Amino acid sequence: MKSHQKTIIRITVILLGLISVMFLNVQKEKEISESSDENPIEKFQLMEVKTGPDIESPMLFGIINNTEEVVVQMNVEGRIDHDNRSLTPGTAFKKNEILIKVNRLEVLYELLIARLNYKYLVQQSLTKIGEQIPQELAKWKAFEHKIDRTLPLPELPKVRLEEEENLLHKLNIYTQYYSTKKLEQKAEGYLYAAPFDGFILESSIGPGAMVKKNESLLTLAKHNSQQVTAHIPIDFVNVLEKSQEIYFVGPSKDTIGTGKFKGTGTKISDSASIETHFTFTGKKSVFTNSTVQIVYSKQKSKHYPSLPKTAIKNNSVYIFAENKLLETPVKIISTKADSVLVDGLPNHCFVIKNTEGVKF
């Protein structure tokens, strides 16, 4: 074979080798690329987030209720005196004012006799007290003088001597005293005094009505204990919280009271609204359980997207865009049990739901 033919063969073999090496390198790079190019959705658990437009001010309604109420019952039976004060709903009263007087003529007569008998007992005992413990006679004379058939018995004098103690037991001074005091307590059960300044919320009785033992007669509400309760969109609570003054409008479109944001209660079932309370100050106290419109300064409320807490890492979230992960700082607006409201995200993006254990 001629030398130039051998040269051509050598060149051809070299070229084929180079081509084979290049093909193998390209194939290897392709395999590496394919092995590292996993589906981001399968790898990171993405969630779509849309911030949406700002929220327009909604029309809100609430119910007036009371935070302090008392249901009145009596431990006696009888007829309410005909000269008893008015017991109609809305009637105001002062603390310790007598609201209910059940006729107690019989028990008062019994009490009158008991006090007279006790006064007589003490008078008869003064002679023996003077004989046996003359140094204590003066205080028992003063005690006897204070006993009045129309007034509660005064407090017993303090006893200093054992001899005096024994004599009082022998004379029945103690026994008759506590028996009469028990009768006084029974008589007090025919009266009901107001426990606070307030107004009558509900009533099933009036002057001349019959009272049954342990029957609910009145519902009392304390002054300045009223509030308005409403279900408010969660995203709108911060607007009402910042409102300087809130007005409450009744069915006749007249303003019946004013108030301010008080706080939130428990979330209702649809998870989009939350129970919210407002203070209530009104000209009257008869609007309890009425529906009122809540009037406030109209303004737009920004819509904040809700993310799981696991999506937040160092006050940032990770967005998947253009086949890359982008760290985006956010501002946390509020925190709930397992989620947060944030500000600072684009209008539309895909956020990694759980950053724990993921290396970026």
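## Observations concerning the packing of aromatic side chains
Okay, so step 1: Under the counting rule described, the total for this entry stands at 10 aromatic pairs.
Okay, so step 2: Taking 6.5 Å as the distance between ring centres and 50° as the angle between the ring planes, the aromatic pair formed by Phe-143 and Tyr-177 counts as tilted. With Phe-143 in helix α4 (residues 137-146) and Tyr-177 in helix α6 (residues 173-188), this residue pair connects regions lying 34 residues apart in the sequence. With respect to burial, Phe-143 and Tyr-177 carry one shared label: buried.

## Details of the pairing of strand β19 (residues 316-321)
Two faces, one strand: in a regular strand the side chains alternate between the faces of the sheet.
Okay, so step 1: For β19, a buried count of five out of six residues is recorded, marking the element as mostly surrounded by other parts of the structure.
Okay, so step 2: In the sheet, β19 pairs with strand β20 (residues 324-329) via six bridges, with the strands oriented antiparallel. Across the sheet, residue Tyr-318 finds its bridge partner in β20, namely Glu-327.
Okay, so step 3: Taking the residues between adjacent antiparallel strands as the criterion, β19 and β20 are bridged by two residues, where Glu-322 takes a positive phi near 50°.

## Things to note about the sheet that holds strand β21 (residues 331-335)
Remark on secondary structure: sheet strands pair via backbone hydrogen bonds, oriented parallel or antiparallel.
Okay, so step 1: Read from one edge to the other, the open sheet built from three strands follows the order β18-β22-β21, with strand pairing classed as antiparallel. On the outer flanks of this sheet lie β18 (306-308) and β21, each paired with one strand and no other. The average angle at which neighbouring strand axes cross in this sheet is 45°, direction not considered.
Okay, so step 2: Alignment of β21 against strand β22 (residues 339-343), held across four bridges, turns out to be antiparallel.

## Structural notes on α6
Okay, so step 1: Taking 1.5 Å of rise per residue, the 16 residues of α6 would be expected to cover 22 Å, and the 23 Å separating its terminal C-alpha atoms lies within 8% of that figure.
Okay, so step 2: Looking only at α6, the buried set comprises Ile-173, Tyr-174, Tyr-177, Thr-180, Leu-183, Glu-184 and Ala-187.
Okay, so step 3: On the buried face of α6, the contacting elements are α3 (105-132), α4, α5 (162-170) and β7 (191-193).

## Section: the sheet that holds strand β3 (residues 69-72)
Okay, so step 1: Within the open sheet, the four strands sit side by side as β3-β10-β8-β5. Their pairing is antiparallel. A single partner strand is all that each edge strand has here, and the edge strands are β3 and β5 (92-93).
Okay, so step 2: Two strands pair when backbone bridges link them, and strand β8 (residues 198-203) and strand β10 (residues 218-222) are joined in this way by five bridges, in the antiparallel orientation. Residue Phe-199 lies in a different strand from β10, and its bridge partner there is Ala-221.

## What to know about a nonpolar patch on the surface
Okay, so step 1: Together, Tyr-109, Ile-113 and Leu-116 make up a nonpolar patch on the protein surface, roughly 290 Å² of accessible area in all.
Okay, so step 2: For Tyr-109, the position within the fold is in helix α3.
Okay, so step 3: Residue classification places Tyr-109 among the exposed positions, given a relative accessible area of 56%.

## Quick look at the side chain of Arg-115
Okay, so step 1: Considering the arrangement of structural elements, one finds Arg-115 in helix α3.
Okay, so step 2: If near-sequence neighbours (up to four positions away) are discounted, Arg-115 is found in contact with Ile-147, Asp-148, Arg-149, Thr-150, Leu-151, Pro-152, Leu-153, Thr-180 and Glu-184.

## As for the packing of α3 against α6
Think of two packed helices as two axes; the pair is described by the angle between the axes and how far apart they sit.
Okay, so step 1: Where α3 contacts α6, the two axes come as close as 10 Å, and the packing angle between them is 160°. Between α3 and α6, the angle is such that the two are roughly antiparallel. The chirality of how α3 crosses α6 is left-handed. Across from Val-107, Leu-108, Glu-110, Leu-111, Ala-114, Arg-115, Tyr-118, Leu-121, Val-122 and Ser-125 in α3, the residues of α6 making contact are Ile-173, Gln-176, Tyr-177, Thr-180, Leu-183, Glu-184, Lys-186 and Ala-187.
Okay, so step 2: Grouping the amino acids of the contact of α3 with α6 by side-chain chemistry returns 11 nonpolar, three polar and four charged.

## Some points on the pattern of salt bridges
Okay, so step 1: The final tally for this structure, using the stated rule, is nine salt bridges.
Okay, so step 2: A salt bridge links Arg-160 to Glu-136; the shortest N-O distance between them is 2.6 Å. Of this pair, Arg-160 sits in the loop between α4 and α5 while Glu-136 is found in the loop between α3 and α4, placing the two residues 24 residues apart along the sequence.
Okay, so step 3: Owing to a relative accessible area of 63%, Arg-160 belongs among the exposed residues under this scheme.

## Some details on unusual backbone geometry
Okay, so step 1: In this model, Asn-172 sits at a positive phi of 65°, which is unusual for a non-glycine residue.
Okay, so step 2: Locating Asn-172 in the fold gives a position in the loop between α5 and α6.
Okay, so step 3: Take Asn-172: its relative accessible area is 39%, and that puts it in the partly exposed class.
Okay, so step 4: Phi at Asn-224 takes a positive value of approximately 65°, unusual for a residue other than glycine.
Okay, so step 5: With respect to the helices and strands, the residue Asn-224 is situated in the loop between β10 and β11 (226-233).

## Description of the pairing of β22
Okay, so step 1: Extensive coverage of β22 is indicated by the burial of four of its five residues.
Okay, so step 2: Bridging between β18 and β22 involves three bridges; their strand directions are antiparallel. Bridged to Pro-308 within β22 is Ser-339.
Okay, so step 3: Connecting the antiparallel pair β21 and β22 is a turn made up of three residues.

## Quick look at the packing of α3 against α4
Okay, so step 1: Running from N to C, α3 and α4 point in directions that differ by 165°, and their axes come no closer than 10 Å. One finds that α3 runs roughly antiparallel with respect to α4. For the pair α3 and α4, the sense of crossing is left-handed. On α4, the residues touching Tyr-118, Lys-119, Val-122, Gln-123, Leu-126, Ile-129 and Gly-130 of α3 are Leu-137, Trp-140, Lys-141, Phe-143, Glu-144 and His-145.
Okay, so step 2: Partitioning the contact of α3 with α4 into residue classes produces seven nonpolar, three polar and three charged.

Definitions and cut-offs
- Residues numbered from 1 in each chain as written.
- Predicted model: local features only at pLDDT ≥ 70, side-chain atom pairs only at ≥ 80, totals over all residues.
- Heavy atoms only, no water.
- Phe/Tyr/Trp six-rings, centres within 6.5 Å; stacked < 30°, edge-to-face > 60°.
- Helix = DSSP H or I, 4+ residues; strand = E, 2+ residues; numbered from the N terminus.
- Buried < 20%, exposed > 50% of the residue type's maximum accessible area, 1.4 Å probe, protein only.
- Pairing = 2+ DSSP bridges.
- Axes fitted to C-alpha atoms, helices over the stretch in contact; angles between N-to-C directions.
- Expected span 1.5 Å × (residues − 1).
- Contact = heavy atoms within 4.5 Å.
- Patch = residues over 30% accessible without salt bridge, like charges linked within 9 Å, V, L, I, M, F, W, Y side chains within 5 Å.
- Areas by Shrake-Rupley, 256 points an atom, 1.4 Å probe, with all protein chains shown as cover.
- Salt bridge = Lys/Arg side-chain N within 4 Å of Asp/Glu carboxyl O.
- Parallel < 35°, antiparallel > 145°, perpendicular 65-115°, else oblique.
- Left-handed = near helix turned anticlockwise from the far one by under 90°.
- Nonpolar A, V, L, I, M, F, W, Y, C, P; charged D, E, K, R; others polar.

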